[in-house]
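# A structural walkthrough
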Amino acid sequence: MKVLFITSNRGKFEEARKIGEKYGVEVEWKREEYEEYQGNSLEEIAEKSAMVLSKKIGEPFFIEDSGLFIDALNGFPGPYSSYVFKTIGNEGILKLMEGKDNREARFIAVVAYFDGEKISTFRGEVKGEISKEMRGMHGFGYDPIFLYDGKTFAEMGDEKNKVSHRRKALENFFSSIFNQ
Ligand code: IMP
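Now for a description of the structure that goes with this document. (Residues numbered from 1 in each chain as written. Predicted model: local features only at pLDDT ≥ 70, side-chain atom pairs only at ≥ 80, totals over all residues. Heavy atoms only, no water.)

## Looking at unusual backbone geometry
Each neighbour pair has its own omega, and for Phe-76 with Pro-77 the value is 0°, a cis peptide bond. Its place among the elements puts Pro-77 in the loop between strand 3 (61-70) and helix 3 (81-87). Despite not being glycine, Asn-74 has its phi angle at roughly 55°, a positive value. Looking at the element boundaries, Asn-74 is found in the loop between strand 3 and helix 3. Even without glycine at this site, Asp-149 takes up a positive phi of about 55°. Looking at the secondary structure, you find Asp-149 in the loop between strand 6 (146-148) and strand 7 (151-152). (Helix = DSSP H or I, 4+ residues; strand = E, 2+ residues; numbered from the N terminus.)

So this is what it looks like as structure tokens:
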């Protein structure tokens, strides 16, 4: 079984390829930037984006959309994580968190899969906290400010991929669709 993963991010593809192998699924990389629709939830964004892509791609594919949800900021940046990272970045988030006692946060990932007829979504989530300063050299995006078990994701290196939101969403997806 072969399935396309549409993403411009090599790291995301590599992670999905390895997990796919466990389920006997060959994940093929379609390296493409696509228009990401705005919406109030990651599910809505991923589903709308997949719907548009399905009009031009005539075979099974999936995409993945993720975000950081901070409790003390009522879930911000959430569905706007990508834009917020490009604009205010980690420094901006740390500023917004100054003086906040509750530092709990979650990364959420949603996979949207088009099977040739319909779209289904799968979710993965990891809980952590926002650190007081940036730490670590690995990873990307919000990794240097996301604390998991005392270390930031950027300090964890490959260990991050064992517990990440993306890992959980992908496992959820592969086990539901290909492991029957
Ligand atoms: P997207 O799913 O690639 O659109 O990701 C949305 C935003 O969330 C990106 O700008 C990333 O900075 C951030 N993000 C998503 N997943 C992760 C992660 O695993 N670590 C750190 N930041 C992430």
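## So, the pairing of strand 5 (residues 119-130)
Here eleven bridges tie strand 4 (residues 104-114) to strand 5, and the two strands are oriented antiparallel to one another. Bridge assignment links Ala-109 to a residue of strand 5, and that residue is Gly-124. (Pairing = 2+ DSSP bridges.)

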